[in-house]
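What follows is the residue order along each chain.
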Amino acid sequence: MRISTSTSILNPVFPIFLKQWFSTNPNLITLFNKYVDKTNVSSWNSVIAELARSGDSIEALRAFSSMRKLSLKPDRSTFPCTIKSCSALLDLTSGNARKLFNELPKRNVVSWTSMITGYIQNEHAHEALSLFKEFLMEEGDGGRESGVFIDSIAMVSVLSACSHISQNRTTKAFHGFLIKRGFEGDLSVANTLLGAYAKCGDLTIARKIFDEMPERDIVSWNSMMAVYAQNGLSAEALNVFYGMLKDGDLNFDAVTLSAVLLACAHSGALQLGKCIHDQVIKMSLEDNVFVGTSIIDMYCKCGRVGMARRAFDRMKEKNVKSWTAMVAGYGMHGRARESLEVFYEMQRAGVKPNYITFVSVLAACSHAGLVEEGWHWLKTMNQDFNIDPGIEHYGCMVDLLGRAGYLDEAYELIKGMKVKPDCVVWGALLAACRIHKNVKLGEISARKLFELDPDNCGYYVLLSNLYADAGRWEDVERMRIFMKNHRLIKPPGFSLVEVKGRVHVFLVGDKEHPKHEEIYGYLEILSVKMKEAGYVPDTTSVLHDVDQEDKETVLRVHSEKLAVAFGIMNTVPGTTIQVIKNLRVCSDCHAAIALIAKVVNREIVVRDSYRFHHFKDGLCSCGDYW
């Protein structure tokens with residue numbers, strides 16, 4: 001018995017019948033030919049649509065192919081689902097989908113937008129923009145009468161293409177176009193425009209769009225928060241979060257919490273991070289793999305790798321990012337063996353490591369000086385996992401070899417790289433040359449860095465420090481004059497410490513803090529106790545040709561010492577002090593903080609630009625290897 005055309009189009013039971021039918025019968029086309037009026041385009045459209053909606057893209061395209069073999073002409077309802085199926089199968093590049101689109105007898109905004117979106121989903125943003133230009137031409141040729149006119153959905157699709165290209169010029173050009181068309185007040189368009197500028201790195205315009213939005217939804221707030229958090233602007237991200245809470249009309253979701261957790265991770269705001277974790281539990285979102293991974297990352301970067309591991313173990317579902325976060329977390333705390341064990345567990349669980357996983361593995365080896373293991377995984381990632389080493393992997397390996405004293409091997413590795421060495425790679429070698437006082441290789445590295453990034457002050461400072469270590473004060477002066485003449489200013493070192501939920505910032509020699517007199521007084525007391533315990537200032541950290549007394553004075557006011565002193569003064573005995581520094585901790589501060597931890601009987605955790613240091617009983621977890 002055949003199913004009539006009226007049944008296939010109007011009967012609400014028909015889609016349900018199709019779904020049950022498709023789930024139990026593998027040979028769909030044979031059954032369709034047997035039971036359905038195969039000469040009717042509407043019947044074929046129903047089949048193609050249901051298959052596309054259920055995610056069976058291959059069968060949807062087979063149905064379309066069978067229909068075409070019968071010389072039936074597709075109509076405007078046939079193509080959107082067919083193009084969607086092509087997109088799902090990443091088949092847009094072959095021209096399957098574009099040919100179908102070109103055959104459309106009558107193209108409307110839905111078919112145009114579907115095709116543009118398909119290109120974007122398959123990472124062909126330039127093709128999407130080219131198609132949009134054709135769209136404009138057809139619209140200009142009187143297409144509005146036939147339904148070819150731009151709507152907000154089309155605008156969102158094109159803005160998504162701008163985001164993928166990440167060119168400020170392209171985004172600005174399209175921004176002007178949508179203002180002319182009167183779409184700047186559309187919420188979904190404004191949200192996507194904000195994200196497009198963020199991808200281009202123009203946070204100022206992104207914030208301007210956010211501030212000028214006549215209304216905001218949860219996507220607006222989440223987008224602005226995520227933009228700041230992903231760019232390391234934690235204070236700004238948290239201010240957006242507080243503004244969202246004051247708004248009062250919105251309930252935050254998993255995306256909100258993930259963005260706030262990222263901001264906490266960057267700023268070291270452990271107490272706020274714990275509060276957000278409590279909120280995650282209340283909202284029953286702990287099993288959300290994205291939120292759970294953010295919790296792991298937050299605890300690791302706030303110096304609580306044990307709490308991160310407990311959160312990791314409670315997760316019912318883990319993806320490659322969850323495992324990688326735990327591998328990276330142990331690594332940055334110098335616990336390389338535990339990092340590698342998690343990596344082995346990951347493989348036993350059947351989760352395939354990705355590019356970033358191997359960056360984390362090699363970084364862990366670097367923090368612990370595991371040279372043989374590093375070589376092994378650099379080779380294995382390609383042989384066993386078909387992942388070609390990239391700049392980040394080579395950077396980690398050069399850092400590992402260099403810090404372990406294998407400077408010549410690190411240099412040979414750079415010369416043999418399959419990709420062009422960048423600032424990360426040469427910077428790792430220069431930093432290692434400074435540690436091991438190798439001026440010759442240091443100068444080679446510095447010259448490469450000056451070519452690649454001539455305006456980066458940090459490289460000139462590193463070379464100057466290397467000259468100072470070697471006592472080459474004329475070269476130090478030469479570098480100082482060069483930097484002054486070229487207006488290259490060294491970024492200030494600063495340290496953060498969280499006390500009672502508030503983050504306090506200190507600069508070297510800081511006298512802006514309202515309690516700076518008390519801090520300096522307490523440091524004098526600590527200095528006496530430290531010297532009684534055997535502390536001798538390491539003045540090699542002061543890279544100026546001045547007398548010993550002046551050098552010791554400079555050392556006493558380093559930002560991390562001020563932050564540690566303030567933390568001890570304003571917390572109860574036994575509390576762990578958490579400090580974050582934007583630069584690498586100097587050798588004198590490292591030795592001093594280890595003794596401070598001993599004399600005040602506290603654990604002090606310092607996160608510098610390279611790794612974590614856990615100070616306790618006069619010792620550091622890094623074993624003085626950093």
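The structure displayed is predicted, hence computed values, not measured ones.

**Examining the nonpolar core**
Of all hydrophobic cores here, the largest spans 138 residues; its most connected members are Phe174, Met326 and Leu429. Excluding residues that lie within four positions of it along the chain, Phe174 makes contacts with Phe132, Met155, Val158, Leu159 and Cys162.

**What to know about the sheet that holds strand E4 (residues 604-607)**
Reading across the sheet, the six strands line up as E2-E1-E3-E4-E5-E6 and stay open at both edges, with mixed pairing between neighbours. Sheet topology places strand E2 (502-507) and strand E6 (619-620) at the edges, where each strand pairs with a single neighbour. With four bridges joining them, E4 and strand E5 (residues 612-616) adopt antiparallel strand pairing. Each bridged residue has a counterpart across the sheet, and for Arg607 the counterpart in E5 is Phe612.

**What about the confidence of the model for the chain?**
Within the chain, residue pLDDT values average 85, and 85% of them lie at 70 or more. For residues 1-26, every residue scores under 50 in pLDDT, and the model assigns this stretch 36 contacts once sequence neighbours within four places are set aside.

**Details of the packing of helix H20 (residues 320-332) against helix H21 (residues 336-348)**
Interaxial distance between H20 and H21 falls to 7 Å at its minimum, and their mutual angle equals 165 degrees. Considered as vectors, H20 and H21 are oriented roughly antiparallel to each other. The crossing of H20 and H21 is left-handed. Residues Val320, Trp323, Thr324, Met326, Val327, Tyr330 and Gly331 of H20 form the contact with H21, whose own contacting residues are Ala336, Glu338, Ser339, Val342, Phe343, Glu345 and Met346. Across the contact of H20 with H21, the residue classes break down as nine nonpolar, three polar and two charged.

Calculation criteria
- Residues numbered from 1 in each chain as written.
- Predicted model: local features only at pLDDT ≥ 70, side-chain atom pairs only at ≥ 80, totals over all residues.
- Heavy atoms only, no water.
- Core = buried A, V, L, I, M, F, W, Y, C linked by side-chain atoms within 4.5 Å.
- Buried < 20%, exposed > 50% of the residue type's maximum accessible area, 1.4 Å probe, protein only.
- Contact = heavy atoms within 4.5 Å.
- Pairing = 2+ DSSP bridges.
- Helix = DSSP H or I, 4+ residues; strand = E, 2+ residues; numbered from the N terminus.
- pLDDT = per-residue confidence, 0-100.
- Axes fitted to C-alpha atoms, helices over the stretch in contact; angles between N-to-C directions.
- Parallel < 35°, antiparallel > 145°, perpendicular 65-115°, else oblique.
- Left-handed = near helix turned anticlockwise from the far one by under 90°.
- Nonpolar A, V, L, I, M, F, W, Y, C, P; charged D, E, K, R; others polar.

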